[in-house]
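The lines below spell out each chain.
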Amino acid sequence: MFRRGSVCRWAVFLMAVFFVVVSEARPASAKKPSTVPVGVAKVDITPDGPVRMYGYGARKTESEGIAGRLKAAALVLGDDAGDGPAVLLCVDCGAVPAAIREEVFGCLKARLPLKPERFMLCNSHNHSGPDLMGMGSISGPEREHLDRYAKELTGRLEQVVLKAAASRKPGRLAWTQGSVGFAANRRVLKDGKWAGFGAVPDAPADHSLPVLRVTDAQENVLALVVNYACHNTTLRGNFKQIHGDWAGCAQAAIEAGQPGVTALVTIGCGADSDPCPHGTVALCEQHGRALADEVKRLLAGPFKPIEPKLTVRTKDLAIPFDEPPAMEELERLAKKSYPVARLLKLRQRGEKLPTARSYPIFTWTFGDDLAMVFLPDEVVVDFALRMKREFDGSRLWINAYSNSVSGYVPSDRLIGEGGYEVNNSVSAAVSYGRPERLQPTIEQRIVDCVRSLLPAGFRSPGDRK
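Everything numeric here is computed off the predicted structure, so don't read it as measured data.

Student: What am I meant to see in the sheet that holds strand 7 (residues 193-200) here?
Tutor: In sheet architecture, strand pairing relies on hydrogen bonds along the backbone and comes in two forms, parallel and antiparallel. With respect to topology, 3 strands assemble into an open sheet ordered 7-6-11, the strand pairing being antiparallel. With one partner strand each, in any of the chains shown, strand 7 and strand 11 (273-275) form the two edges of the open sheet. Each strand of the sheet is rotated relative to its neighbour by a mean of 45°, with strand direction disregarded.

Listed below in structure tokens is the structure:
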């Protein structure tokens, strides 16, 4: 018969053994990831007066009031040692011109040890904001209004990044994926060829919603970064007020439901997808609420921890220009292609035509946990669907509209179908309106480039060399 003291000692011993066994059996993924300095900030970038608006050629007058505020948000990761910090800057803008981005980067570089490949500017491609890309074709007071706004925007973008950098403190990263259904492929086909715009339910679309959660060391949520592959075009060309469209509404809805949290939105490969239905501010709010509700649902479930060791790789993909056609054919092709029309003007002025089109691609990989791909321009959905098949889609996050927006990037499928996005694409520019002549195709060139930048562990098992 055991004495009371012996029983207590045995109980303590068995409890110790139990905790050792449980600790040894706990999966490695349950361990908390390392901390990394994180900082986040947001600033209002709404113009304070009328401006010409981006995105619809039929709008020939300035904006008529403000229906929703525009924002820019910055996430800064890492300290100033080693490779320096990484900056993700998300802007409610149709397209921030390269000159403004470079000026912002130059100002930041004077204050932070920031490398160009660690500074990513993601455009929301909002079609109800200022037309900064169109300033060159505008004159008089309207040009003066845009010039003033461009200077204000430059200062505010620098300000928000510096504010985020100054707020850095130890934090952790984690991510998960959900789904939202309002994106619909917009390309209506007849006999396999493009016939116009609409909503095509069974056509390709990417409804995935990756969410990056940024917390402090005590697990308080500081920021949520979301990505969705859909044009920011709920509001159409007859709408003449400033508004952030569904992406602006999603930010507001997320932040309203998560007090103290900063929401950032990046746009995926949704250049051939439109919000469905569309046409009103109420529908912008409906889509934004749908996205925010999915984020709220995901926050209640598990997130995959991310080791914050960041590796950045980049390649400036040079896409060669074809031999230009005769002037008569060039004039004919320019009638249905804005890129070809721009090249025609160069030739008419007697300027030297370009020999290659620069297409810089970036990858940010966080240890073995997550790979982010940054693609310029308006990339169609086939790129994301293909890369998620050929690479490890469970650890892949693809941002389009990154750093520059100057034309569509069509897939092989779209080139075969023809139509609006193809005629106004990077392919049409380098082939002078004859994108089928580009070999290898632009799709193959870009996918191969991404493959070369991703570590072998992020590729599909049969592609790891």
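Student: How should the pattern of salt bridges be read in this particular structure?
Tutor: When the charged atoms of two side chains with opposite charge come close together, those side chains can pair. By the definition in use, this model includes 29 salt bridges. The residue Glu421 makes a salt bridge to Arg186 at a minimum N-O spacing of 2.9 Å. Remark: Arg186 occurs in strand 6 (residues 183-190) and Glu421 occurs in helix 10 (residues 420-423); sequence separation between them is 235 residues. Pair check on accessibility: Glu421 and Arg186 agree, each one buried. The partner of Arg413 in a salt bridge is Glu417, with the nearest N and O atoms 3.4 Å apart. In this pair, Arg413 and Glu417 are both assigned in helix 9 (residues 412-417), 4 residues apart and thus about one turn of the helix distant. Look at Arg413 and you get partly exposed, because its relative accessible area is 25%. It is possible to trace a salt-bridge network through shared partners that takes in Arg186, Arg187, Arg236, Asp272, Asp274, Asp382, Arg413, Glu417 and Glu421.

Student: Would you mind showing me how to read the packing of helix 4 (residues 245-257) against helix 5 (residues 281-299) here?
Tutor: Taken N-terminus to C-terminus, the directions of helix 4 and helix 5 make an angle of 45°; their axes are 7 Å apart at the nearest point. One way to sum up the angle between helix 4 and helix 5 is to call them oblique. Between helix 4 and helix 5 lies a crossing of right-handed hand. Along its contact with helix 4, which presents Asp245, Trp246, Cys249, Ala250, Ala253 and Ile254, the element helix 5 presents Cys284, Glu285, His287, Gly288, Arg289, Leu291, Ala292 and Val295.

Student: What is the right way to look at the side chain of Arg213 in this model?
Tutor: Turning to its location among the elements, Arg213 is positioned in strand 8 (residues 208-216). One buried charge, Arg213, has no salt-bridge partner; the nearest side chain with opposite charge is Glu219, at 4.5 Å. Among all residues touching Arg213, those that are not within four sequence positions of it are Arg172, Leu173, Ala174, Glu219, Val221, Ala223, Leu224, Leu299 and Phe303.

Student: Even after reading the chapter, I still don't get the environment of Gly140, so can you show me in this structure?
Tutor: Tracing the backbone through its elements, the reader meets Gly140 in helix 3 (residues 140-166). Linking Gly140 and Trp364, residues 224 residues apart in sequence, is a C-alpha distance of 43 Å.

Student: Explanation requested: the pairing of strand 4 (residues 119-123) in the structure shown.
Tutor: Within a regular strand, the side chains alternate between the two sheet faces. Of all 5 residues in strand 4, 5 are buried, a share of seventy percent or more. Going residue by residue along strand 4, you find Phe119, Leu121 and Asn123 tucked away on one face and Met120 and Cys122 tucked away on the opposite face as well. Here 5 bridges tie strand 3 (residues 86-91) to strand 4, and the two strands are oriented parallel to one another. Of the residues in strand 4, the one forming a bridge with Val87 is Phe119. Note that the unit made of strand 3, helix 2 (residues 98-109) and strand 4 has a crossover that is right-handed.

Student: Even after reading the chapter, I still don't get the sheet that holds strand 13 (residues 310-320), so can you show me in this structure?
Tutor: Strand order in the open sheet formed by 4 strands is 13-14-15-17, with mixed pairing between adjacent strands. A single partner strand is all that each edge strand has here, and the edge strands are strand 13 and strand 17 (396-399). Pairwise comparison of adjacent strand axes, ignoring direction, gives a mean angle of 15° for this sheet. As judged from the 4 bridges shared by strand 15 (residues 370-374) and strand 17, these two strands associate in the parallel manner. Bridged to Ala371 within strand 17 is Leu396. Across the sheet, helix 12 (residues 442-453) touches strand 13, strand 14 (356-366) and strand 15, and the angle it forms with strand 13 is around 155°.

Student: How should I be thinking about the packing of aromatic side chains in this particular structure?
Tutor: Note on aromatic pairs: each is described by the distance of the centres and the angle between the planes. Applying the stated rule across the entire model yields 10 aromatic pairs. Lying over the aromatic face of Phe458, Arg395 brings its terminal NZ or CZ to 4.4 Å of the ring centre.

Student: Quick question: what am I supposed to make of unusual backbone geometry here?
Tutor: Keep in mind that most residues, glycine aside, have a negative phi and that most peptide bonds are trans. Cis rather than trans, the peptide bond between Cys276 and Pro277 has omega equal to 0°. With respect to the helices and strands, the residue Pro277 is situated in the loop between strand 11 and helix 5. Residue Pro440 is reached from Gln439 by a cis peptide bond, and omega for that bond is -10°. For Pro440, the position within the fold is in the loop between helix 11 (426-430) and helix 12.

Student: Looking at this structure, I do not really get the environment of Phe362. What am I missing?
Tutor: Following the sequence through the fold, Phe362 ends up in strand 14. Given the relative accessible area of 11%, Phe362 is considered buried. Each C-alpha atom of the pair Phe362 and Asn399 lies 9.9 Å from the other, and the pair is 37 residues apart in sequence. Contacts of Phe362, omitting those with residues within four sequence positions, involve Glu117, Met120, Arg313, Thr314, Met372, Val373, Phe374 and Asn403.

Student: How should I be thinking about the nonpolar core in this particular structure?
Tutor: As a rule of thumb, soluble globular proteins bury nonpolar side chains together. With 73 residues, the main nonpolar core has Leu291, Leu375 and Ile446 as its most contacted residues. The greatest single-element share of this core, amounting to 6 residues, is contributed by helix 12. When residues no more than four places from it in sequence are discounted, the contact partners of Ile446 are Leu317, Tyr359, Ile361, Leu375, Phe383 and Val409. Grouped together as the second largest cluster of nonpolar side chains are 35 residues, Val51, Ala74, Ile100 and Ala150 included.

Student: Explanation requested: helix 8 (residues 381-390) in the structure shown.
Tutor: Those residues of helix 8 lying buried are Val381, Asp382, Phe383, Ala384, Arg386 and Met387. In this structure, the buried side of helix 8 is in contact with strand 6, strand 16 (378-379), strand 17, strand 18 (408-409), helix 9 and helix 12.

Student: What exactly am I supposed to notice about helix 12 here?
Tutor: Since there are 3.6 residues in each turn of an α-helix, residues three or four apart along the chain are aligned in direction. An ideal rise of 1.5 Å per residue puts 16 Å on 12 residues; helix 12 measures up with 17 Å between its terminal C-alpha atoms. Among the residues making up helix 12, those that are buried are Ile442, Glu443, Arg445, Ile446, Val447, Cys449, Val450, Arg451 and Leu453.

Student: Explain the pairing of strand 7 to me, please; I cannot follow it from the model alone.
Tutor: Inspection of the sheet shows strand 6 paired to strand 7 by 5 bridges, in the antiparallel sense. Across the sheet, Arg187 pairs through a bridge with Phe197, a residue of strand 7.

The rules we used
- Residues numbered from 1 in each chain as written.
- Predicted model: local features only at pLDDT ≥ 70, side-chain atom pairs only at ≥ 80, totals over all residues.
- Heavy atoms only, no water.
- Pairing = 2+ DSSP bridges.
- Helix = DSSP H or I, 4+ residues; strand = E, 2+ residues; numbered from the N terminus.
- Axes fitted to C-alpha atoms, helices over the stretch in contact; angles between N-to-C directions.
- Salt bridge = Lys/Arg side-chain N within 4 Å of Asp/Glu carboxyl O.
- Buried < 20%, exposed > 50% of the residue type's maximum accessible area, 1.4 Å probe, protein only.
- Parallel < 35°, antiparallel > 145°, perpendicular 65-115°, else oblique.
- Left-handed = near helix turned anticlockwise from the far one by under 90°.
- Contact = heavy atoms within 4.5 Å.
- Lys, Arg positive; Asp, Glu negative; His and termini not counted.
- Right-handed = clockwise from strand over helix to strand, strands pointing away.
- Phe/Tyr/Trp six-rings, centres within 6.5 Å; stacked < 30°, edge-to-face > 60°.
- Lys NZ or Arg CZ within 6 Å of the ring centre and 35° of its normal.
- Core = buried A, V, L, I, M, F, W, Y, C linked by side-chain atoms within 4.5 Å.
- Expected span 1.5 Å × (residues − 1).

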